[in-house]
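A structural walkthrough
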Amino acid sequence: MPAKFRHLALNADDVQRAKGFYETVFGWRFEPWGPPDYYQAQGVADGVVTALQHRRELKPGTRMAGFEATLAVEDLGAAMAAVEAAGGRVLAPALYIEAVGRLAYFEDTEGNVVGIMQYDAPELGRIAGDAGPPG
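Residues numbered from 1 in each chain as written. Predicted model: local features only at pLDDT ≥ 70, side-chain atom pairs only at ≥ 80, totals over all residues. Heavy atoms only, no water.

**Some remarks on the pattern of salt bridges**
Our working rule: By definition, a salt bridge exists where a carboxyl oxygen of Asp or Glu is found within 4 Å of a side-chain nitrogen of Lys or Arg. Counting from the N terminus, the helices are the DSSP runs of H or I reaching at least four residues and the strands are the DSSP runs of E reaching at least two. Only protein chains enter the area calculation, which uses a 1.4 Å probe; residues under 20% of their type maximum are buried, those over 50% are exposed, and those in between are partly exposed.
One pass over the full model with this rule turns up five salt bridges. The partner of Glu 110 in a salt bridge is Arg 17, with the nearest N and O atoms 2.8 Å apart. With Glu 110 in the loop between strand S8 (101-107) and strand S9 (113-119) and Arg 17 in helix H1 (residues 15-26), this residue pair connects regions lying 93 residues apart in the sequence. With its nearest N and O atoms 3.3 Å apart, the salt bridge here joins Glu 23 to Lys 19. Taken as a pair, Glu 23 and Lys 19 lie in helix H1 at a separation of four residues, close to a single helical turn. Side by side, Glu 23 and Lys 19 carry an identical accessibility label, which is buried. Sharing partners across several salt bridges, the network here consists of Asp 13, Arg 55 and Arg 63.

Laid out in structure tokens, this is it:
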């Protein structure tokens, strides 16, 4: 049975601090939805609900440590600087993936590790707001 990625949840110990971080670094706007301290951001990924919520234990005794995702950015250097200015930490120097682009990982204010990639070819990493898939 085919499956499509539909929901991405960012888990946070301090939801308001995380909300401020992602709004500052990437310009996302979170709106309250459902339970207290649960937010959704629109337009982050076409067809994917992006949520921000309190960290939970989905497996007893193991707190949800985060997610793995790579975000496409137009300027990797500027994104890395924005991460650090907003209280995050770049984990290692950017690396180049041949014929794909430059990739770095950062840790946000909640300890989540996220990839940021500046793609060589625009159609590989369309930024939110671009028209449809490559074609």
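**A few points about the packing of aromatic side chains**
As a reminder, the rule being used: Aromatic rings from Phe, Tyr and Trp, with only the six-membered ring used for Trp, were paired whenever their centres fell within 6.5 Å, and each pair was classed as stacked if the ring planes differed by under 30 degrees, edge-to-face if by over 60, and tilted otherwise. Here, a charge over a ring means that NZ of Lys or CZ of Arg falls within 6 Å of the ring centre while also lying within 35 degrees of the ring normal.
Scanning the entire structure with this criterion turns up eight aromatic pairs. Ring centres 5.1 Å apart and planes at 80° place the aromatic pair Phe 21 and Tyr 22 in the edge-to-face group. With respect to burial, Phe 21 and Tyr 22 carry one shared label: buried. Judged by centre distance (6.1 Å) and plane angle (65°), the rings of Trp 28 and Phe 30 are edge-to-face. Given a relative accessible area of 3%, Phe 30 falls into the buried group. A network of ring pairs unites the aromatic residues Phe 21, Tyr 22, Phe 26, Trp 28, Phe 30 and Phe 106 as a single cluster. The ring of Tyr 39 has Lys 19 lying over it, and the distance from NZ or CZ to the ring centre is 5.6 Å.

Take it as geometry only, folks, not as evidence of what the structure does.
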